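Each chain, letter by letter, is given below.
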Amino acid sequence: MEPSPQEERHLDLFCSSQCSEHPRATYTRRLATGYAPLTEVIINWYRKLIGTDGLAYNLPESLSDWGVSVPENDIWVGLHSLFQAHGIELWKRGYWVRLTRPGTGFPLSSGFIYVAPHLKYNVGSGGGRELKYKTFSSLHHRVGNNRDGVAVVVHAAVKGEEGRERLRLTRLFGTGGESSVATNHMLPLWGEIIYQDMVFIVSPLIHASFQAVFDTEMEDNRAIGRGNSVGDILDMMLQCIEAIAFLHSHRVAHRDAFIQNYLVQWLPQSLRRGKPSTTKPRVYLIDLEFSIQFSADCPEDQCKVVGPPVDSPHYVVPMPPEGQNGEPYCPFKADVWQLGCYLQQLSSNIQEIDAVIREMVNPDPVARMSCEDFLKNFET
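Right, let's walk through the structure included here. Position numbers for residues count from 1 along each chain, tracking the sequence in the order it is written. In view of the model being predicted, local features appear only for residues whose pLDDT reaches at least 70, and side-chain atom pairs are presented and counted only at 80 or more, with totals across whole chains, interfaces and linings using the full set of residues. Side-chain metrics in this entry use all non-hydrogen atoms of the structure; hydrogen atoms and water are not considered.

### Examining the sheet that holds strand β13 (residues 262-264)
We count it as follows: Pairing between two strands requires that DSSP report at least two bridges joining them. The numbering of helices and of strands both runs from the N terminus, where a helix is a DSSP run of H or I of at least 4 residues and a strand a run of E of at least 2. Contacts between residues were defined by any pair of non-hydrogen atoms, one from each residue, lying within 4.5 Å. To get an axis, fit a line to the C-alpha atoms, keeping to the stretch in contact for a helix; angles then go from 0 to 180 degrees between the N-to-C directions.
Pairing within the open sheet is antiparallel, and its three strands lie in the order β9-β13-β14. On the outer flanks of this sheet lie β9 (208-209) and β14 (283-285), each paired with one strand and no other. Judged from the two bridges that link them, β9 and β13 form a sheet pairing that is antiparallel. Within β13, the residue paired with S209 across the bridge is L263. Each of β13 and β14 is contacted by helix α7 (residues 230-249), which is oriented at about 35 degrees to β14, the strand it contacts most.

### Side note on the pattern of salt bridges
We apply this condition: When a carboxyl oxygen of Asp or Glu is within 4 Å of a side-chain nitrogen of Lys or Arg, the pair counts as a salt bridge. Three labels apply to residues, based on accessible area from a 1.4 Å probe with only protein chains included: buried if under 20% of the type maximum, exposed if over 50%, partly exposed otherwise in between.
Throughout the structure, instances matching the rule amount to five salt bridges. Here D197 makes a salt bridge to K159, at a shortest N to O gap of 2.9 Å. In this pair, D197 is assigned in the loop between β7 (191-195) and β8 (198-204) and K159 in strand β6 (residues 151-159), connecting sequence segments 38 residues apart. On the accessibility criterion, K159 (11% relative accessible area) is buried. The partner of R171 in a salt bridge is E192, with the nearest N and O atoms 2.8 Å apart. Note that R171 is positioned in helix α6 (residues 164-174) and E192 in strand β7, a separation of 21 residues in sequence. A relative accessible area of 37% places R171 in the partly exposed class.

### Overview of the nonpolar core
Stated formally: Note on terminology: a nonpolar core comprises buried Ala, Val, Leu, Ile, Met, Phe, Trp, Tyr and Cys residues joined through side-chain atoms within 4.5 Å.
Ranked by size, the top nonpolar core spans 38 residues in total, and within it F173, F210, I241, L247, Y262, L339 and L343 carry the most contacts. For this core, the secondary-structure elements that each account for two or more residues are α6, α7, β13, β14, α9 (331-343), α10 (351-360) and α11 (371-379). No other element matches α7, which puts ten residues into this core. For F173, the contacting residues outside a window of four places in its chain are E178, S179, N184, M186, F246, L247, H250, V252 and L288. Core analysis: the next-biggest nonpolar cluster, separate from the first, contains 18 residues, L59, F83, I88 and V152 among them.

### Re the sheet that holds β8
Strand order in the open sheet formed by five strands is β1-β5-β6-β8-β7, and the pairing between neighbours is antiparallel. What marks the edges here is a single partner per strand, and that holds for β1 (89-90) and β7. The pairing of β7 with β8 spans five bridges and is classified as antiparallel. Counterpart to I194 in the pairing with β8 is V199.

Structure, rendered in structure tokens:
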């Protein structure tokens with residue numbers, strides 16, 4: 001069985017995405033069975049997966065089914081041509097969950113991702129060489145290069161009616177006048193790609209996560225998180241609170257404001273450098289998947305939700321005390337509690353700061369301060 005020229009291209013994409021360090025011939029030899037040439041097996045797989053337009057036609061029925069009924073990597077491989085037509089070359093999947101940038105050079109600076117000077121040539125977390133790789137943490141996104149060579153993230157945001165509210169809020173905060181407001185910490189929306197009943201959103205890639213501040217991974221015999229000074233962490237923490245406060249000012253509750261949803265342009269690591277960082281990285285809040293916006297005329301005491309943001313066995317993050325009894329609760333105060341879950345692990349040895357952080361996880365939501373109150377507290 002001989003593949004067509006189009007199938008040849010997709011076979012190469014498939015094999016290289018499965019094992020980026022091995023060409024198709026090597027990959028074929030590694031996995032060939034005694035019953036049929038692997039090339040024929042792959043072609044049959046390809047023809048079942050790919051429609052006449054050269055794209056994946058058997059997309060999951062829902063975003064929650066992504067990577068369940070069809071392996072997520074098969075879906076992305078089937079969509080390579082779609083993104084290529086829009087000027088985006090997806091990074092290839094290597095071993096495990098690592099994505100590798102095409103070529104040997106470093107990506108062009110986008111203005112959203114940087115490396116601390118002392119880590120320019122470092123191969124570990126936060127290092128310059130890591131800009132050529134990305135460990136993905138979601139089945140719903142992939143990293144690619146746009147026509148200018150800038151690294152972007154492509155995210156499967158909408159499937160049918162699922163995700164429409166998220167797209168609306170992403171447009172609200174990621175485009176137009178709101179995207180230029182200094183206190184807006186949402187990533188800009190650089191583009192949308194529509195295919196069938198799906199919408200993929202495109203935004204700039206940011207590597208570092210604020211969660212790394214709490215990381216106990218050892219690098220050069222030092223904990224990565226401990227390389228950041230109290231000043232470094234306090235600056236990032238205030239930006240996290242400001243990001244939530246901005247959403248709340250638009251009557252939007254994030255509902256998944258845990259620390260893993262905050263990205264940082266780079267980690268200053270003033271302690272590791274031995275001197276304070278004169279420039280400060282900007283913190284960005286991502287993932288509006290569970291967010292909800294209340295109308296301007298909705299009384300504050302009626303802005304309530306019930307239960308977790310999604311009824312799924314895969315959603316296993318902690319619930320605030322007031323949301324555990326099945327009664328309506330304030331999602332804005334819950335946002336504060338979610339962020340405080342991680343921040344309370346920090347000890348600044350500054351009594352006033354530690355006291356404020358403890359208030360973020362106050363079990364009484366009425367006594368718990370709002371984000372605006374927190375910011376005012378630190379300003380004074």
